[in-house]
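A structural walkthrough
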Amino acid sequence: MAERQIWAPFADKYKVHEESYEFVRLMLETGIKPYSELGVEKAREQSRMRSIQFGGSVEFKGEEREIIIPLPYAAEGIPTTIYKPDTAPEVPAIFVYYHGGGLVLCSRETHASALKVIASKSGAIVVNVEYRLLPNPESPYAPFDDVAAAAEWVLKNKEAVGGRSDSKVGVGGDSAGGQLTASVTNDVQGLDFQVLVYPLTDPLLMNPTFQEFKNVPGLNSDAVKWFFDNSLLHIPDYKTNPRINAMVRTNTELSPPALVILAELDPLRGCGLDYAEKLRDAGVSVQCEVVEGVPHAFFTLITVFPTKTNEAYEHVVKFIKQFQ
């Protein structure tokens, strides 16, 4: 079968999970195209449709509402969805989440199912942030500015999102959302925890796993180049700015306790491990979990990775519960 052949170069060294084979089979069956063959808008639509099919939908019992987080520099503010589950304790934690998508793709919608599960199982209030995407010629730092502003606003307005004045506040995200999470902890103080899911923490791509998994299904070197061409290459100082490149941070010791979740068959696994070590070296409490046998992007694809998403969500839920 084609999916076996595609994973064959990695199967000698790693035990590829059956759900990863199914992931590739469905990509082939549904005609998922490489981003390099699509423009930005078509890539966004393909990503949205994939999230609907592969991410599924979940029942959510609780309060779901839309708000606009005000911005000092943009009148339109940040569209945001709040999930407060029926399982919320008297003093719930507040988890501000930044979706992945290479700073170019995805949205609150593409990550809604995963966040509803995390909210329901943890009891935490989840704040799902719709930051501005790149490319954005007028504001190349837009995602980084928006996520910091969102975190600062939530810290000052806990009750407005359904929390209490003594609720603990954390931030988190997957992939580019993990990069944004690291950026927020560089810019914003007073946070209680962070969750980094296969984050891009080294835009210099120095770790050997970028080379090892250059031809992996999904986020291969071609996809990484496409994302960079449409995002980081428009930021002149992305290599040296600690808001963009977490590995050059000099205030890492100010970071809150971290949960780092990585995918074993992922070019970003190595830089995630490197950043976890950087945090530990700075005295930050770090729990690092590598989910075996799966590629990048599995975290939100509940329908295709039911076993492995549940494994990852259990780590997140247990971690967040420590803060409420």
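None of the values given here were measured: they were computed from a predicted structure. (Residues numbered from 1 in each chain as written. Predicted model: local features only at pLDDT ≥ 70, side-chain atom pairs only at ≥ 80, totals over all residues. Heavy atoms only, no water.)

**Considerations on the overall build of the protein chain**
The condition is simple: Only DSSP runs of H or I covering at least 4 residues are called helices, and only runs of E covering at least 2 are called strands; the numbering of each starts at the N terminus. Each radius of gyration reported is based on C-alpha atoms, and the globular scaling rule is 2.2 Å times the count of residues to the power 0.38. Relative accessibility thresholds used throughout: buried, under 20% of the residue-type maximum; exposed, over 50%; partly exposed, between the two (1.4 Å probe, protein chains only).
A count of helices and strands for the protein chain gives 10 helices and 8 strands. For the protein chain, the C-alpha radius of gyration of 18 Å lies close to 20 Å, the compact-globule estimate for 324 residues. Projected onto the principal axes, the alpha-carbon positions of the protein chain cover approximately 55 × 45 × 40 Å. The buried share of the protein chain, taken over its 324 residues, is 59%.

**Topic: the state of the cysteines**
The condition that has to hold: For the purposes of this analysis, a disulfide is any pair of cysteine sulfur atoms at a distance within 2.5 Å.
Going through the model one piece at a time under the given rule, you end up with 0 disulfides. Cys-106 takes part in no disulfide bond, and the closest cysteine sulfur, belonging to Cys-271, lies 18 Å away. The thiol sulfur of Cys-271 is not disulfide-bonded, and the nearest other cysteine sulfur, from Cys-288, lies at 11 Å. Note on Cys-271: relative accessible area 0%, which makes it buried.

**Quick notes on empty space enclosed by the protein**
Put simply, the test is: Both site types are read off a 1 Å grid over the protein atoms alone. A 1.4 Å probe that fits but cannot get out defines a cavity, while an open set with protein on both sides within 12 Å along at least five of seven lines defines a pocket; lining residues have an atom within 4 Å of a point. Grid points are joined across faces, edges and corners, and a volume is the space filled by probe spheres set on the points. Gly falls in the polar group here, along with every residue not listed as nonpolar (Ala, Val, Leu, Ile, Met, Phe, Trp, Tyr, Cys, Pro) or charged (Asp, Glu, Lys, Arg).
This structure, assessed with the given rule, holds 1 cavity of 30 Å³ or more. The calculated volume of the largest cavity comes to roughly 160 Å³. Lining the largest cavity are 16 residues, with Gly-102, Ser-175, Leu-200, Phe-227 and Phe-228 sitting closest to its centre. Elements that contribute at least two residues to the lining of the largest cavity include exactly α6 (176–187) and α8 (221–230). Classifying every residue of the lining of the largest cavity gives 11 nonpolar, 5 polar and no charged.

**Thoughts on unusual backbone geometry**
Following Leu-134, the chain continues into Pro-135 via a peptide bond in cis, with omega recorded as 0 degrees. With respect to the element layout, Pro-135 can be found in the loop between β4 (125–129) and α5 (142–156). Unlike most non-glycine residues, Cys-106 shows phi in positive territory, near 70 degrees. With respect to the helices and strands, Cys-106 occurs in the loop between β3 (94–98) and α4 (108–122). Positive phi is not limited to glycine here, since Ser-175 has a value of about 60 degrees. With respect to the element layout, Ser-175 can be found in the loop between β5 (169–174) and α6. For Ser-175, a relative accessible area of 11% puts it in the buried group.

**A closer look at the packing of α4 against helix α10 (residues 306–321)**
Stated precisely, the cut-off is as follows: Fitted lines through C-alpha atoms serve as axes, helices being fitted only where they are in contact, and the angles separating the N-to-C directions of these axes extend from 0 to 180 degrees. Working rule for angles: under 35 degrees goes down as roughly parallel, over 145 as roughly antiparallel, 65 to 115 as roughly perpendicular, anything else as oblique. Should the near helix be turned anticlockwise from the far one by less than a right angle, the crossing is left-handed, and should it be turned clockwise, the crossing is right-handed. Only heavy atoms enter the contact rule, under which two residues are in contact if any of them lie within 4.5 Å.
In contact at an axis separation of 9 Å, α4 and α10 are set at 45 degrees when each is read in the N-to-C sense. In terms of their interaxial angle, α4 and α10 are classed as oblique. For the crossing formed where α4 meets α10, the hand is right-handed. Taking contact as the criterion, the partners of Ala-114, Val-117, Ile-118, Lys-121 and Ser-122 in α4 are, on α10, Asn-310, Tyr-313, Glu-314, Val-316, Val-317, Ile-320 and Lys-321. Tallied by class, the residues present in the contact of α4 with α10 amount to 7 nonpolar, 2 polar and 3 charged.

**Some words on the UniProt feature "domain: Alpha/beta hydrolase fold-3" (unreviewed entry) in the protein chain**
As a reminder of what qualifies: UniProt positions are given in the numbering used here, feature names are shortened, and annotations may be inferred rather than shown by experiment.
UniProt tags residues 95–299 as "domain: Alpha/beta hydrolase fold-3" (unreviewed entry). Between the end C-alpha atoms of residues 95–299 there is a gap of 17 Å, over a span that is 34% helix and 19% strand.

**Observations regarding the confidence of the model for the protein chain**
Defined as follows: The pLDDT score gives, residue by residue, the confidence of the prediction method on a 0 to 100 scale.
Put simply, the protein chain has an average pLDDT of 97, and 100% of its residues get 70 or more. No element of the protein chain has a lower mean pLDDT than helix α3 (residues 40–55), which averages 95, and none a higher one than β3, which averages 99.

**So, α5**
The test is simple: The span one expects for a helix is its residue count, reduced by one, times 1.5 Å.
Here α5 contains 15 residues, and its C-alpha end-to-end distance of 21 Å stays within 8% of the 21 Å for a straight helix at 1.5 Å per residue. Most of α5 is tucked away, with 11 of its 15 residues classed as buried. Buried residues of α5: Ala-142, Pro-143, Phe-144, Asp-146, Val-147, Ala-148, Ala-149, Ala-150, Ala-151, Trp-153 and Val-154, and no others. Contacts from the buried residues of α5 go to β1 (62–69), β2 (78–85), β3, β4, β5 and α6.

**Overview of the environment of Asn-215**
Within the secondary structure, Asn-215 is located in the loop between α7 (209–212) and α8. For Asn-215, a relative accessible area of 57% puts it in the exposed group. Residues Asn-215 and Pro-267 lie 52 residues apart in sequence; the distance between their C-alpha atoms is 9.3 Å. Not counting residues up to four positions away in its chain, the partners in contact with Asn-215 are Phe-10 and Asn-220.

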